[in-house]
Amino acid sequence: MTDADLAVIILSAGQGTRMRSARAKVLHSIAGVPLVGHVVATADELDAAHVIAVVRHERDAVAAAIVDYLPSAVIVDQDDLPGTGRAVEVALEALPDTFTGDVVVLSADVPLLDAGTIAAMVASHRAAGNALTLLSAHFDDPTGGGRILRDDAGRFHSIVEQKDASPEQLEVREVNGGVYVFGVPLLRTVLAGIGADNAQKEKYLTDAAAGMKAAGGAIAAMPVSDPWLIAGVNDRAQLTAAATELNARIIRRWQLAGVTVHDPATTWIDLKVTLAEDVEVLPGTQLKGATTIERGAIVGPDTTLVDCEVGEYAVVKRTDATLAVIGAAASVGPFSYLRPGTVLGADGKIGTFVETKNSVIGEGSKVPHLSYLGDTTVGVGSNVGAGTITANYDGVNKHRTEVGSHVRTGSHNVFVAPVRIGDGAYTGAGTVVRKDVPAGALSITAAPQRNITDWVQTNRAGTAAATAAAAAHEQKPDPES
């Protein structure tokens, strides 16, 4: 149910120079979602009447990511005046003039904050009649964060930024989380009076606290017990730390839901992955994108699945697969490479050193080892021999190969597409299939074997091979003795 008196502003205009990246900081991902995507999804859960995102650096890419997660979000551009205070000021201009409720301000680089914590902050803010309520936390290492200063009675006094803090203030471990709830009418007035007389020459949003306090507004800093909720990402090390923490929480959630994860330290599971009860995940496994795995399936070790579907009781080991569908009780690996468009039917098999692409392999059919199937359809109950290659590309266009049901193909075959092998057909070892094979036929292309006697001695005289051949001849018994 929409809260008509609540708006959310997401600050996503910064460049994030400490990331040392051509990409905007907020577009770097953890658990398969960009930082800004995590924050936008949280904002959406608050059911606010308005969600406004402020953008500037890499404007179009950041705006596109925001709208991808929340199409109703309003995108606002920050002007040349830097600072979070100015960002909020331009965002407020996008609100209706009649809006007099509360606004939550979120930073797009704080990905682990959840909607429940924000909702509790809003409720506390309203119950106390505050002008400003903010989240804080105590950090063992507060470096980089704005410090929360309190009076002797423990009440909120002010916020001081790291670069403006005195040595004594830098010893404070309570850090501003950059998450605020403001009463909008007073915020509009206070922001208009904030300048940029500070070390960064920016219009700080944190200076609004002093203005509200001077105007008689009540301010409260609400500490959270879990510092990760307000932990920001400013560099690659912090990105990795946040990713590791979020991954640990995702894995624990799945473990409590009935999934066995043998080694959480080497297992990575994206936020959008779905796992059923009794799924077993072995060490070294990465489950990415919108991968879904059904009951009783075993995945890993050393397996990466991206946007894949794995059926009940399937086994997938030492495999790299993207946009593939693996049927119930099917077997994949080890050392298989499933490219987009691969569909393996129930009870099917894609085995060792097999690569597939845009291919459908029917129920109970097997491609056991050392093969490449591209743009191929295989019926049910067929077996594709070792070393089989589909020659599907003529240099300009791709063509399909069709293998019928209950087909048995020999080792080291080449299927030159477009070609069809009929139901129940066989092919001999080493066959190159260039034309359709009728149902039930045997296709062979082997020429009669020809042995040229003493070729090595004649053409490779003096070599070790010639010497060995001569010795072998000398050891043969005389047929007339």
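Above this text is the structure in question.
All of the points below concern the structure found in this document.

This paragraph deals with the overall build of the protein chain. In terms of regular secondary structure, the protein chain is built from 10 helices and 38 strands. Rg of the C-alpha trace for the protein chain: 33 Å, well past the compact-globule value of 23 Å for 481 residues, more than 25% over. Dimensions of the protein chain along its principal axes, counting C-alpha atoms only, are 120 × 50 × 45 Å. In the protein chain, which comprises 481 residues, the proportion classed as buried is 46%. Of the contacts made within the protein chain by residues no fewer than 6 positions apart, 41% connect residues no fewer than 24 positions apart. Carbon and sulfur atoms make up 52% of the accessible area of the protein chain, which totals about 22700 Å². Averaged over its 39 positive side-chain charges, the protein chain has a centre that lies 5 Å from the centre of its 55 negative ones.

Under the defined criterion, the tally for this structure stands at 20 salt bridges. Residue aspartate 226 is joined to arginine 249 by a salt bridge in which the shortest nitrogen-to-oxygen separation is 2.6 Å. Taken together, the residues span a long stretch of sequence, with aspartate 226 in the loop between strand 11 (219–223) and helix 8 (236–256) and arginine 249 in helix 8 at a distance of 23 residues. According to the relative accessible area criterion, arginine 249 is partly exposed, its value standing at 31%. The structure contains a network of salt bridges with shared partners spanning Asp79, Arg86, Glu89 and Lys203.

Quick look at the packing of aromatic side chains now. A complete count under the given rule lists 2 aromatic pairs for this structure. With a centroid separation of 5.3 Å and an interplanar angle of 10°, the aromatic rings of phenylalanine 335 and phenylalanine 353 are classed as stacked. Taken together, the residues span a long stretch of sequence, with phenylalanine 335 in the loop between strand 24 (331–332) and strand 25 (336–338) and phenylalanine 353 in strand 27 (residues 349–357) at a distance of 18 residues. In this structure phenylalanine 335 comes out as partly exposed when scored by relative accessible area, which is 44%. The side chain of lysine 398 reaches across the aromatic face of tyrosine 393, ending 5.5 Å from its centre.

Across the sheet, 9 strands lie side by side as 14-17-20-23-26-28-30-32-35; this open sheet has parallel pairing. Pairing within the sheet leaves two strands with one partner each, and these edge strands are strand 14 (274–275) and strand 35 (419–421).

Pairing is parallel in the open sheet, where 3 strands are placed in the order 33-36-38. Bordering the open sheet on either side are strand 33 (408–409) and strand 38 (442–443), each of which pairs with just one other strand. Bridging between strand 33 and strand 36 (residues 426–427) involves 2 bridges; their strand directions are parallel. Across the sheet, residue arginine 408 finds its bridge partner in strand 36, namely tyrosine 426.

Of all the 7 residues making up strand 7 (residues 132–138), 6 are buried; the element is thus mostly covered by neighbouring parts of the structure. In the sheet, strand 7 pairs with strand 11 via 5 bridges, with the strands oriented parallel. Residue pairing across strands places threonine 133 opposite alanine 220, the latter belonging to strand 11.

Procedures and definitions
Here the residue index of a chain counts from 1 through its sequence in written order. With pLDDT at 70 or above as the cut-off, local features in this predicted model cover only qualifying residues; side-chain atom pairs require 80 or more to be listed or tallied, and sums for whole chains, interfaces and linings still use all residues. The side-chain numbers reported here are obtained from all heavy atoms of the structure, hydrogens and water having been left aside. A run of H or I in DSSP counts as a helix once it spans at least four residues, and a run of E counts as a strand once it spans at least two, with each numbered from the N terminus. In this treatment the radius of gyration is a C-alpha quantity, and the globule benchmark scales as 2.2 Å times the residue count to the 0.38 power. Partly exposed describes any residue whose relative accessible area lies between the buried limit of under 20% and the exposed limit of over 50%, with all areas from a 1.4 Å probe on protein chains only and scaled to the type maximum. Note on definitions: a residue-residue contact is assigned when non-hydrogen atoms from the two residues lie within 4.5 Å. Each accessible area is a Shrake-Rupley result for a 1.4 Å probe, and residues are judged covered by the shown protein chains and nothing else. Just so you know, the count uses Lys and Arg for positive and Asp and Glu for negative, and it drops His and the chain ends. One atom stands in for each charge, and that atom is NZ of Lys, CZ of Arg, CG of Asp or CD of Glu. We define a salt bridge as a contact between a side-chain nitrogen of Lys or Arg and a carboxyl oxygen of Asp or Glu at a distance within 4 Å. Stacked, tilted and edge-to-face are the three classes applied to pairs of Phe, Tyr and Trp rings, where Trp contributes its six-membered ring and a pair requires centres within 6.5 Å; stacked means planes under 30 degrees apart, edge-to-face means over 60, and tilted covers the rest. Two thresholds decide whether a charge sits over a ring: the Lys NZ or Arg CZ must be within 6 Å of the ring centre and within 35 degrees of the ring normal. Strand pairing requires that DSSP identify at least two bridges connecting the strands.

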